[in-house]
Amino acid sequence: MCRAFLAVAAALLAILAWPRAGRPALSCGLPEAQPTWIDFADGSVSFWRERFARPGVVVATGGPDLAAEARAAGAGTVHFDLYLRKRVGTPSDPADPALMEKRADALFDYAVSVSGCDTPLIALNELWGASLPTPLTPTADRYRANVLRFVTRLAERGARPALLVSSEPFTGGDAAAWWRSVAAVSDLVLENYANADLIWREGPVDGSRRLRERHRASVSKLLAIGIPPARIGIMIGFQTGAGTGGREGLRPRSRWFSVAKWHALAAKQVAQELKLAHVWSWGWAQRDARSNDPDKTYAACVWLWARDASLCDAPRILGRELDVDTKKGQLNLPAGVRCVYSSTPLAASSVAALAKVTHDRELALTALVMRAIERERTRVSPSEALAFERRIISTRFGGSTSAYRAALGEAGASLTVARGIIGDELRARDIAGRLAAGRVSSNDVSRFRATYAPVLARELVVSPAPSWLPGGRGVALATSAPDAVFRVRTGRRTTIRTVEGTFTVEARDDTTALAALPYDLARLAIVRELGAERRADAYAAWTLRMQSSAESKLVCERDRLPELGVVDISSYAPFLSLSEPEAASWAASRRG
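Note on numbering: residues in each chain are counted from 1, in written sequence order. Since the coordinates come from a predicted model, pLDDT governs what is reported: local features require at least 70, and pairs of side-chain atoms require 80 or more to be given and counted, while whole-chain, interface and lining totals use all residues. To obtain the side-chain values, all non-hydrogen atoms of the structure were used and water was disregarded.

Take the packing of helix α6 (residues 138-157) against helix α7 (residues 175-185) next. One can describe the packing of α6 onto α7 by two numbers: an axis separation of 8 Å at closest approach and a directional angle of 20°. The pairing of α6 with α7 is recorded here as roughly parallel in orientation. In terms of crossing hand, the pair formed by α6 and α7 is left-handed. Residue-level inspection shows Arg 144, Ala 145, Val 147, Leu 148, Val 151, Thr 152 and Ala 155 of α6 in contact with α7, the latter providing Trp 178, Ser 181, Val 182 and Val 185. Here the residues of the contact of α6 with α7 are counted per class, giving 8 nonpolar, 2 polar and 1 charged. Where helices are involved, their axes are fitted lines through C-alpha atoms of the stretch in contact, as for all axes, and angles between N-to-C directions lie from 0 to 180°. Each helix is a run of H or I in the DSSP string that is no shorter than four residues. Each strand is a run of E no shorter than two, and both are numbered from the N terminus. Oblique is the label for every angle not falling under 35 degrees (roughly parallel), over 145 degrees (roughly antiparallel), or within 65 to 115 degrees (roughly perpendicular). Should the near helix be turned anticlockwise from the far one by less than a right angle, the crossing is termed left-handed; should it be turned clockwise, right-handed. Contact definition: two residues touch when any of their heavy atoms are within 4.5 Å. For this classification, Asp, Glu, Lys and Arg are treated as charged, while Ala, Val, Leu, Ile, Met, Phe, Trp, Tyr, Cys and Pro are nonpolar and the rest, including Gly, are polar.

Rendered as structure tokens:
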């Protein structure tokens, strides 16, 4: 990139002088709001006077008469140049570099006359080959050098160029320096034309989130190489030709109006979040049968109304054709709320409290989403949770509340968190008990016995009944039972302490390998192990499906959704887990 780098080196001096705080000032009476909203119009836009010729709107146009009329009506104007290709060439056929200054001067002078501003903002439509990887071909290298010299000359004359970028920029390798050099003298406007039909199908929550994520993703590459957000804009497309992004045949028109609303709200959110310079709209032209859509004027009204209700009275104009809800799917979260599931807030403080147990905030958030989902399907009353807490204290801590609280302290759980975990256990067991789990066949038993032949097994009597021997009597397997039970002397009663609690164990026979047990005795233990495994698998599959479908009801801070997963919080505090007999007893009491 030899030639390009000569221009790059000069432009890098501007980066060093770039003010790290604030944003470049606009001029000539244009709004200083962040972001600045700019809407394209030319003579083919039949409705431009009705929609855009008003205070509070900035019109991007290349027509001097239209610009003058727009300003007379109170709108701001910027110059929109559709002919960058003719001025700098293309990556395969770059223009003569010696012509760049002359052509830039001519455009600047014309832009001043059109915009009525001595320091005009000039939109340049558009950069070709933004996605080209480096090293560039010699012609593409000359083209990039032309673009850089062209925008640099405009800036030298006092303009504020805004280079439109129609494809995802490649910023790796040497390309990063070129993009930074351009951003030192010009804004970069990323064109982002979503398919309205696909966005509509996703609905207000998922569709709005998709739009916001698209904008963040398109901007992220530029931010990652150090380009200030005050030099970046995004452009939204409302064109109606098939295959161009925009309406894409979406009908009835009320659906397109909803997507236009989501577009405005998504752009506003991301622009404010990232502090972007401006938001542009494009695609209003009506030059031919393909683009002459009579619904564009109403979509423009919705676009204006959704960002500022004073700009167009869309509810009055469209009546029932417009869904006036501007809250659903948007990131209007109350202070201190990490996510909202349906109408249930998930407080950041609740995530933090649970994360003291999991040592991972994302796991904690996933667990809280699971809790909200399961509460819709089964109810556990506070009195039921408290009753099981008393039972845990009685059976696993010898009735010692202080010992229980000490265990909670070691696990990082408060009483409130512990009772929440107990409620989770009860709900999960209730739901799992209603799910269809596959029957354990004789072949399944034989395969398990052959696979786990050397696993330790022992016939025991245990009180109270633990999760690994639900009936309190039978063969325990080392696949689930604690190691200590296989070291107990035969015929003796011994007290063992585990993370699940304290148990009295009586060994009825010596420890042996599973394969050495009589088949009938081994079979009961194997069926128990496989049954528990299949119930767990059925529950895991169910909760993953529910979490996935719940995303259409879930709105989270900056769209940072929790990871899908099966989180068993009781595994971090096993003494809060429910054994099979406890779960069965609770379920029976409910049915009774």
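The next thing to look at is empty space enclosed by the protein. In this analysis, the protein atoms alone were mapped onto a 1 Å grid. Cavities are point sets where a 1.4 Å probe fits without being able to get out; pockets are open sets with protein on both sides within 12 Å along at least five of seven lines; lining residues have an atom within 4 Å of a point. Grid points are joined across faces, edges and corners, and a volume is the space filled by probe spheres set on the points. Throughout the structure, instances matching the rule amount to 1 cavity of 30 Å³ or more. Taken as a whole, the largest cavity spans an internal volume of roughly 50 Å³. For the lining of the largest cavity, the class distribution of residues is 5 nonpolar, 1 polar and 2 charged.

Attention now goes to the sheet that holds strand β9 (residues 337-341). Remark on secondary structure: sheet strands pair via backbone hydrogen bonds, oriented parallel or antiparallel. For two strands to pair, DSSP has to find at least two bridges joining them. Within the open sheet, the 3 strands sit side by side as β10-β9-β16. Their pairing is antiparallel. The strands lining the two open edges of the sheet, one partner per strand, are β10 (344-347) and β16 (554-556). Here the strands of the sheet are splayed against their neighbours by 20° on average, with no regard to which way each runs. Where β9 meets β10, 4 bridges bridge the pair, whose relative direction is antiparallel.

The buried count for strand β8 (residues 278-282) comes to 5 of 5 residues, which makes it a mostly enclosed element. Residue alternation in β8 divides its side chains into two sets, His 278, Trp 280 and Trp 282 and Val 279 and Ser 281, and both sets are buried. With 4 bridges connecting them, strand β1 (residues 36-40) and β8 associate as parallel partners. Residue Asp 39 lies in a different strand from β8, and its bridge partner there is Ser 281. For strand β7 (residues 232-237) and β8, the ladder comprises 5 bridges, and the chain directions are parallel. Counterpart to Met 235 in the pairing with β8 is Trp 280. Here the term right-handed applies to a crossover when the path leading from its first strand over the helix to its second strand runs clockwise, the strands being oriented away from the viewer. Handedness of the crossover joining β7 and β8 through helix α9 (residues 253-274) is recorded here as right-handed. Each residue gets one of three labels from its accessible area relative to the maximum for its type: buried under 20%, exposed over 50%, partly exposed in between, using a 1.4 Å probe on protein chains only.

This paragraph deals with the nonpolar core. Ranked by internal contacts, the top residues of the largest apolar core, which has 83 residues, are Phe 52 and Trp 179. Per-element tally for this core: the top contributor is α9, with 11 residues. When sequence neighbours within four positions are dropped, the list of residues in contact with Trp 179 reads Leu 127, Ala 130, Val 165, Pro 169, Phe 170, Thr 171, Leu 188, Leu 222, Ile 225 and Ile 227. We call a set of buried residues a nonpolar core when its members are Ala, Val, Leu, Ile, Met, Phe, Trp, Tyr or Cys and they connect through side-chain atoms within 4.5 Å of each other. Membership of the second largest hydrophobic core comes to 47 residues, among which are Val 369, Ile 392, Tyr 404 and Ile 421.

Before going further, it helps to examine the sheet that holds strand β3 (residues 76-81). Ordered by their spatial adjacency, 8 strands build a closed barrel running β1-β2-β3-β4-β5-β6-β7-β8, and the pairing between neighbours is parallel. Going from strand to strand, the sheet's axes swing by 25° on average, the running direction of each strand aside. Two strands pair when backbone bridges link them, and strand β4 (residues 121-127) and strand β5 (residues 160-165) are joined in this way by 5 bridges, in the parallel orientation. In the sheet register, Leu 124 faces β5, and the bridge partner there is Leu 163. Packed on one face of the sheet, α6 meets β4 and β5 and runs near 175° to β4. Contacts from helix α10 (residues 296-307) reach β1, β7 and β8 within the one sheet, and its direction differs from that of β1 by about 175°.

Our next topic: the pattern of salt bridges. Whenever Lys or Arg places a side-chain nitrogen within 4 Å of a carboxyl oxygen from Asp or Glu, that contact is recorded as a salt bridge. Counted by the stated rule, this structure contains 37 salt bridges. In this structure, Arg 212 engages Asp 559 in a salt bridge whose closest nitrogen and oxygen atoms are separated by 2.7 Å. Residue Arg 212 is found in helix α8 (residues 196-224), and its partner Asp 559 is found in the loop between β16 and α19 (580-591); the two are separated by 347 residues along the sequence. Arg 212 gets classed as buried once you look at its relative accessible area, which sits at 1%. The class for Asp 559 is buried, based on a relative accessible area of 6%.

Right, let's get into a nonpolar patch on the surface. Patch membership is restricted to residues that have no salt bridge and whose relative accessible area is over 30%. Joining uses 9 Å for like charges and 5 Å for the nonpolar side chains Val, Leu, Ile, Met, Phe, Trp and Tyr. For the area figures, the Shrake-Rupley method with a 1.4 Å probe applies, and any residue is considered shielded solely by the protein chains shown. On the surface, a cluster of nonpolar side chains totalling about 230 Å² of accessible area is made up of Leu 544, Leu 564 and Val 566. Within the secondary structure, Leu 564 is located in the loop between β16 and α19.

Okay, unusual backbone geometry next. Between Asn 125 and the following residue, Glu 126, the backbone shows a cis peptide bond with an omega angle of 0°. Mapped onto the elements, Glu 126 comes out in strand β4. In this model, Arg 251 is joined to Pro 252 through a cis peptide bond whose omega is -5°. Mapped onto the secondary structure, Pro 252 falls in the loop between β7 and α9. The phi dihedral of Lys 275 falls on the positive side, at around 60°, and the residue is not glycine. When you line up the elements, Lys 275 lands in the loop between α9 and β8. Lys 275 gets classed as exposed once you look at its relative accessible area, which sits at 54%. If you check the backbone angles, His 359 has positive phi at about 60° while not being a glycine. Checked against the element boundaries, His 359 lands in the loop between α12 (348-358) and α13 (361-375).

In this structure, the second largest pocket spans a volume of roughly 490 Å³. Along the walls of the second largest pocket sit 22 residues, with Leu 368, Arg 371, Arg 375, Thr 416 and Gly 420 positioned nearest its centre. Those elements that place two or more of their residues in the lining of the second largest pocket are β10, α12, α13, α14 (382-396) and α16 (415-434). Among the elements that line the lining of the second largest pocket, the one with the most residues is α16, at 6 residues. When the residues that make up the lining of the second largest pocket are grouped by side-chain class, the tally is 12 nonpolar, 6 polar and 4 charged.

The subject of this paragraph is the packing of aromatic side chains. Stacked, tilted and edge-to-face are the three classes applied to pairs of Phe, Tyr and Trp rings, where Trp contributes its six-membered ring and a pair requires centres within 6.5 Å; stacked means planes under 30 degrees apart, edge-to-face means over 60, and tilted covers the rest. Under the definition given, this model contains 17 aromatic pairs. Relative to Trp 284, the ring of Phe 238 lies with its centre 4.5 Å away and its plane at 10°, an arrangement referred to as stacked. Residue Phe 238 is found in the loop between β7 and α9, and its partner Trp 284 is found in the loop between β8 and α10; the two are separated by 46 residues along the sequence. With 5.5 Å between their ring centres and 85° between their planes, Phe 397 and Phe 575 make a pair best called edge-to-face. Here the residue Phe 397 occupies a position in the loop between α14 and α15 (401-411), and Phe 575 occupies one in the loop between β16 and α19, the gap between them amounting to 178 residues. Considered together, Phe 397 and Phe 575 belong to a single accessibility category, that of buried residues. Aromatic rings pair up to connect Trp 37, Phe 47, Phe 52, Phe 238, Trp 284 and Trp 303 into one cluster. A cation over a ring is seen here: Arg 253 above Tyr 298, with NZ or CZ 4.8 Å from the ring centre. Over a ring means this: the NZ of a Lys or the CZ of an Arg is within 6 Å of the ring centre and within 35 degrees of the ring normal.

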